[in-house]
Amino acid sequence: MEPLPLGPVLAAVAFAADKHRAQRRKDAEASPYINHPIAVADLLVNQGGIHDATVVCAAVLHDTIEDTETTAAELTAIFGASVTAVVLEVTDDKALHKQVRKQRQIEHAPKLSPEAKLVKLADKICNLRDLLDSPPHDWSLERKQAYFHWAARVVDGVRGTHPRLEALFDHLLSRQGELE
Ligand code: NDP
Ligand code: ZN
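- Taken verbatim from the UniProt record of the chain, the Cofactor (unreviewed entry) comment is "Mn(2+)".

Here it is as C-alpha cells:
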C-alpha cells in the first residue's frame, strides 16, 4: 500500500487549525474545535487503515466550509478539486432550517461518493464518542438520545463502505444506555 503523504496532510492540519482557531467544541471544557477534525482523520488512518490522502485531507478540512468563512475556491486552489469535492459533499447548506438539513443528511447519505461516506461515518463516530465522553454541558438526556437516533439513520445510508468502522459505530450505539 502507498504510504500516506505527510505534506498535504500537514498542510490541511495547519490550514484547518488556522480557520477554526477562534472556535470551541460544545463540551464543558470548551475544547479547541480543531481537536475534532484531527480526531476524525486519526480515526480513518489509525483505526480504519485508510491511506488515501484525498480522504484524510477532506476529513481534516470537513468542517471548514460549513463552520468558518472558508470558500470552495480557496480549498480548490490549495488542496485541489478532489479534496474540495469531498468536503462539499459533507457540507450542510446553512441557509436551510436545521431540521431540513438533518433530514437532507439522511436522504443524501446513500448518494455520497465512497470517499465522502468514509468521512461522514468517521464524523458520526467521533461525535457519538464525544456525546458519551465529553458531551455538550447543556444538553438534556433526550437531546443526546435524539442525536444518537439521527446519527444512526444517517449512518444506515453509508453502510457497506467500511465494515470495521461501521462495527465501531454500532458499538458506540450500543453504549447509548450510558448517556446521562
Ligand atoms: P446540533 O447539530 O446543534 O449539535 C450537534 C453538533 O455539534 C455535532 O454534530 C457536532 O458537529 C457538534 N459538536 C460540537 N461539540 C460537540 C460535542 N462535545 N459532542 C457532540 N457534538 C458536538 O445538535 P441537534 O440540534 O441536532 O440536537 C440533537 C438532536 O436533539 C436533534 O435531533 C434535535 O431534534 C434534538 N433536540 C434539539 C433541540 C434544540 O434545541 N436544537 C432541543 C431538544 C432536542 P460537527 O461535527 O459539525 O462539529
Ligand atoms: Zn464534524
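There's more to say after this.
Describing the nonpolar core
Inference 1: Ranked by size, the top nonpolar core spans 51 residues in total, and within it Leu44, Leu61 and Phe169 carry the most contacts.
Inference 2: The set of elements that each furnish at least two residues to this core consists of helix 1 (6–19), helix 2 (35–46), helix 3 (53–60), helix 5 (72–79), helix 6 (81–89), helix 8 (114–133), helix 9 (141–156) and helix 10 (163–174).
Inference 3: If you tally residues by element for this core, the top one is helix 8, at 10 residues.
Inference 4: Filtering out sequence-adjacent residues up to four positions away, Leu44 remains in contact with Gly49, Ile50, Val55, Ala59, Leu118, Ala122 and Leu165.

So, the site of ligand 1
Inference 1: Taken together, 20 residues sit near ligand 1, with Arg25, Tyr33, Lys98, Lys102 and Tyr147 positioned nearest.
Inference 2: Here Asp123 contributes a side-chain N or O atom positioned 3.2 Å from an oxygen atom of ligand 1.
Inference 3: With respect to ligand 1, the side chain of Asn127 contributes an N or O atom lying 2.9 Å from an oxygen atom.
Inference 4: Protein contacts shield 75% of the accessible area of ligand 1, which totals 890 Å² for the unbound molecule.
Inference 5: According to the grid-proximity analysis, the pocket containing ligand 1 is the largest pocket.
Inference 6: Breaking the shell around ligand 1 down by element, the ones donating at least two residues are helix 7 (98–108), helix 8 and helix 9.
Inference 7: In terms of residues, the shell around ligand 1 owes the most to one element, helix 8, which gives 4 residues.
Inference 8: A per-class count over the shell around ligand 1 returns 6 nonpolar, 4 polar and 10 charged.

Here's the deal with the environment of Ala12
Inference 1: Looking at where Ala12 falls in the secondary structure, it is placed in helix 1.
Inference 2: A sequence separation of 44 residues divides Ala12 from Val56, and the C-alpha atoms of the two residues are 9.0 Å apart.
Inference 3: The contacts of Ala12, once residues within four sequence positions are left out, are Cys57, Val60, Leu61 and Phe79.

Some remarks on the packing of aromatic side chains
Inference 1: In this structure the tally under the stated criterion is 3 aromatic pairs.
Inference 2: Where Phe15 meets Phe79, the ring centres are 5.4 Å apart and the plane angle is 85°; that geometry is what we call edge-to-face. With Phe15 in helix 1 and Phe79 in helix 5, the pair connects residues that are 64 residues apart, well separated along the chain. Judged on exposure class, the residue Phe15 and its partner Phe79 are both buried.
Inference 3: Taking the centre distance of 5.2 Å and the plane angle of 70° together, the rings of Tyr147 and Trp150 count as edge-to-face. Note that Tyr147 and Trp150 are positioned in helix 9 at a spacing of 3 residues, about one turn of the helix. Pair check on accessibility: Tyr147 and Trp150 agree, each one buried.

Quick word on helix 6
Inference 1: For helix 6, the set of buried residues is Val83, Thr84, Val86 and Val87. Projected down its long axis, helix 6 shows its buried positions confined to an angular sector of 160°, all on one face.
Inference 2: Taken together, the buried residues of helix 6 touch helix 3, helix 4 (64–67), helix 5 and helix 8.

Some words on the pattern of salt bridges
Inference 1: For the structure shown, the criterion picks out 10 salt bridges.
Inference 2: Its salt-bridge partner being Arg25, residue Asp130 comes within 3.1 Å of it at the nearest N-O pair. Taken together, the residues span a long stretch of sequence, with Asp130 in helix 8 and Arg25 in the loop between helix 1 and helix 2 at a distance of 105 residues.
Inference 3: On the basis of relative accessible area, Asp130 is assigned to the partly exposed category, the value being 25%.
Inference 4: If you follow the salt bridges from partner to partner, you end up with Lys19, Glu69 and Glu74 in one network.

Rules of the game
- Each chain carries its own residue numbering, running from 1 in the direction its sequence is written.
- Chain A is the first chain written and ligand 1 is the first ligand written, with later ones labelled in order.
- At least 70 in pLDDT is required for a residue's local features to be given in this predicted model, at least 80 for side-chain atom pairs to be given and counted, and no such filter applies to totals for whole chains, interfaces and linings, which use all residues.
- With hydrogens and water set aside, each side-chain value is computed from the structure's full complement of heavy atoms.
- UniProt positions are given in the numbering used here, feature names are shortened, and annotations may be inferred rather than shown by experiment.
- Among buried residues, those of type Ala, Val, Leu, Ile, Met, Phe, Trp, Tyr and Cys that are joined through side-chain atoms within 4.5 Å constitute a nonpolar core.
- Three exposure classes are used, based on accessible area relative to the maximum for each residue type with a 1.4 Å probe and protein chains only: buried under 20%, partly exposed in between, and exposed over 50%.
- In this text, helices come from DSSP runs of H or I with a minimum length of four residues, and strands from runs of E with a minimum of two, each type numbered from the N-terminal end.
- Working rule for contacts: check all heavy atoms of both residues, and any pair within 4.5 Å makes them a contact.
- A single heavy atom is enough: if one lies within 4 Å of a molecule or strand, its residue is considered near that molecule or strand.
- A 3.5 Å cut-off defines polar contacts: any pair of N or O atoms within that distance qualifies, except that in protein one atom must be a possible hydrogen donor and the other a possible acceptor, and neighbouring residues in sequence count only when both atoms are side-chain atoms.
- Note on areas: these come from Shrake-Rupley sampling with a 1.4 Å probe, and a residue is covered only by the protein chains present in the view.
- Only protein atoms enter the 1 Å grid used here. Points where a 1.4 Å probe fits but cannot escape make up a cavity, open sets with protein on both sides within 12 Å along at least five of seven lines make up a pocket, and a residue lines them when an atom lies within 4 Å of a point.
- In this description, a molecule resides in a pocket or cavity if more than half of its atoms sit within 2 Å of the grid points defining it.
- Only Asp, Glu, Lys and Arg are considered charged in this grouping, and only Ala, Val, Leu, Ile, Met, Phe, Trp, Tyr, Cys and Pro are considered nonpolar; every other residue, Gly among them, is considered polar.
- Only the six-membered ring of Trp is used, alongside the rings of Phe and Tyr, when aromatic pairs are assigned; centres must lie within 6.5 Å, and planes under 30 degrees apart are stacked while those over 60 apart are edge-to-face, with the rest tilted.
- Comment: arc refers to directions from the helix axis out to C-beta atoms.
- Whenever a carboxyl oxygen of Asp or Glu lies within 4 Å of a side-chain nitrogen of Lys or Arg, that contact is scored as a salt bridge.

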